[in-house]
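Okay, here's what each chain looks like letter by letter:
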Amino acid sequence: MRAAALCMAALAAVGCGGNGGEHAVTLTLYCAAGVKPPVEQAAAQYADEYGVKIYLQYGGSGTLLSNLQIAQKGDLYLAADESYLELAAEKNLADEAIRLARLSPVIAVPEGNPKGVQSLDDLERSDLRVVLANPEAAAIGRLMRDGLKESGRWERLQKAATTMFPTVTEIANALRIGSADAGVIWDATANQYPQLETVADPELEPLKNRISIGVLSFSERPTEALRFARYLSARGKGLPHFTQHGYAAVEGDVWAEEPHLRVYCEPALRRMIEEGVRAFELREGTSVLFEEAEDGAPPDLDAYISRDAAHLRTGEARPLAADEEAQIQCAVNEQADYPRLTERMIQSLRAALESRGYEWRFERNG
């Protein structure tokens, strides 16, 4: 009876399954407008599978950051530029950040390119109606301002622009309906509009962005929020929706409702990190199993934490050299099922180890 009661309690915590039942949990996600299509589909799929409703609020990445800073409510923040997640972390608004996909800016024009736009130089022409993104509101605007400011290009484009929109979607729609002649949008956004064509420019080539999702520090359901973030970033779950809509998706983890990580850690170090590992397990809804290895670390684990470099690469034990005593080396096995989750675990332990005077070295193996 007790086991059954615990099972029912767990189901109530994460929500009932799909099949049209009521949603036991609702999560609020602040989502960059330019990333709406894949996120909307993944959220609907997640609701069907787990009965967890994802309430989506769209806007420019910068606008959303300002809104959540004022509201101090919500669970997740998805930005079209991970620098916004870094800024949110600096303001103690967000904790973990998980990468989802990559974006590149491109010049977009109506189908057939009626004005003959070939480069950013053409966007400075007086006969064109040029639309750009507001750098105070949208990630692509901020990226262009920061990347093109030194050359003077951004100032000239600003002067040439007839309208500065708060979201990249509004730029694409203006081009689609013919109220603008050219603009700069994300490559993935352009892929969603068959009425548009794109023009590459060498000045835009270095300006690439990473889409990331983070858990808000004031979320009342951080474990549920992290579970959806993992789902969105998982192979076979959220990431195929990004690929379908023309985004360059990252290499994500395998999906599991409750992942189980296998870690080798030297016994002396294990005592230092055990409390941090248990806190990570509770927050992430996962479990971490420490593997024993008398003759070195097995080669197929998720992570290796050791003062001995030989454990990380060969699985063979050797005596520590005198100058290695204060070095800790951590490695994530990229060939395992959960490299991104494992990396978050290791990073969560970093402060505890560094506070004891250990130097830190991190590797990705495989």
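For every chain, the first residue of the written sequence is number 1, and numbering continues from 1 along that sequence. Local features in this predicted model are restricted to residues whose pLDDT is 70 or higher, and side-chain atom pairs enter the listing and the counts only when it is 80 or higher, whereas totals over whole chains, interfaces and linings include all residues. Hydrogens and waters are ignored; side-chain quantities use all the structure's heavy atoms.

(A) Main features of the overall build of the chain. The way it works is that DSSP assigns letters per residue, a run of H or I at least four long becomes a helix, a run of E at least two long becomes a strand, and they are numbered from the N terminus. What the chain contains, in helices and strands, is 13 helices and 18 strands. Burial classes: relative accessible area under 20% of the type maximum marks a residue as buried, over 50% as exposed, and values in between as partly exposed (1.4 Å probe, protein chains only). Counting the 366 residues in the chain, one finds 53% classified as buried. Should any heavy atoms of two residues lie within 4.5 Å, those residues are counted as being in contact. Counting only contacts in the chain whose residues sit at least 6 apart along the sequence, the fraction spanning at least 24 positions is 74%. Carbon and sulfur atoms make up 48% of the accessible area of the chain, which amounts to about 16,900 Å² in all. Where accessible areas are quoted, they stem from the Shrake-Rupley method and a 1.4 Å probe; at the residue level, only the protein chains shown are allowed to cover.

(B) Spatial organisation of the packing of helix α9 (residues 222–232) against helix α11 (residues 267–284). What counts as an axis is a line fitted to C-alpha atoms, over the stretch in contact for a helix, and the angles between N-to-C directions run from 0 to 180 degrees. One can describe the packing of α9 onto α11 by two numbers: an axis separation of 7 Å at closest approach and a directional angle of 75 degrees. Considering their axes alone, α9 and α11 lie roughly perpendicular with respect to each other. Note on element contacts: α11 touches α9 through L282, R283 and E284, opposite P222, T223, L226 and R230. For this classification, Asp, Glu, Lys and Arg are treated as charged, while Ala, Val, Leu, Ile, Met, Phe, Trp, Tyr, Cys and Pro are nonpolar and the rest, including Gly, are polar. Classifying every residue of the contact of α9 with α11 gives three nonpolar, one polar and three charged. When describing relative orientation, an angle under 35 degrees is termed roughly parallel and one over 145 degrees roughly antiparallel, while 65 to 115 degrees is termed roughly perpendicular and anything else oblique.

(C) Quick peek at the layout of surface pockets. Cavity: a set of points on a 1 Å grid over the protein atoms alone where a 1.4 Å probe fits but cannot get out. Pocket: an open set with protein on both sides within 12 Å along at least five of seven lines, its lining residues, like those of a cavity, having an atom within 4 Å of a point. Grid points are joined across faces, edges and corners, and a volume is the space filled by probe spheres set on the points. Of the voids in this model, the largest pocket is the one considered here, and its volume is about 550 Å³. Of the residues that constitute the lining of the largest pocket, the class distribution is four nonpolar, four polar and eleven charged.

(D) Here's a closer look at the nonpolar core. What we call a nonpolar core is a set of buried Ala, Val, Leu, Ile, Met, Phe, Trp, Tyr and Cys residues that are connected through their side-chain atoms within 4.5 Å. Judged by nonpolar contacts, the single largest core of 88 residues is most densely connected at L29, V35, Y77 and L78. L261, V288, Y338 and I346 belong to the second-largest nonpolar core, a separate cluster that totals 21 residues.

(E) Quick peek at the pairing of strand β15 (residues 287–291). When strand β14 (residues 260–265) meets β15, the two strands line up parallel, connected through five bridges. For Y264, the partnering residue across the bridge sits in β15 and is E291. Regarding the hand of the β-α-β motif, the stretch spanning β14, α11 and β15 is right-handed. Two strands pair if DSSP finds at least two bridges between them. By convention a crossover is right-handed if, when the strands point away from the viewer, the path from the first strand over the helix to the second runs clockwise.

(F) Here's a closer look at the side chain of D181. You can see D181 is positioned in the loop between α7 (168–177) and β8 (182–186). Leaving out residues up to four positions away in the same chain, D181 has contacts with A108, V109, P110, K115, D127, L128, R129 and L175.

(G) The packing of aromatic side chains, seen in detail. Ring pairs shown here join Phe, Tyr and Trp side chains whose ring centres sit within 6.5 Å, with only the six-membered ring taken for Trp; geometry is labelled stacked below 30 degrees between planes, edge-to-face above 60, and tilted in between. Following the criterion strictly, the structure yields seven aromatic pairs and no others. Measuring from centroid to centroid gives 5.0 Å for Y46 and F228, while their planes differ by 65 degrees, and the two rings are edge-to-face. Taken as a pair, Y46 in helix α2 (residues 36–50) and F228 in helix α9 lie far apart in primary sequence, 182 residues in all. The same class applies to Y46 as to F228, namely buried. Pairwise contacts between aromatic rings join Y46, Y50, F228, Y231 and W255 into one cluster. Two conditions define a charge located above a ring, namely a distance within 6 Å from the ring centre to NZ of Lys or CZ of Arg, and an angle within 35 degrees of the ring normal. A cation sits over an aromatic face here: R142 above Y84, 4.7 Å from the ring centre.

(H) Fine view of the confidence of the model for the chain. Summing up the model confidence of the chain, the mean pLDDT is 86 and the portion of residues at 70 or higher is 84%. Confidence scores per residue from the predictor, reported as pLDDT, run from 0 to 100. Note on residues 1–23: pLDDT is under 50 here. Beyond four places in sequence and across chains, it has 28 contacts. For residues 313–324, every residue scores under 50 in pLDDT, and the model assigns this stretch 24 contacts once sequence neighbours within four places are set aside.

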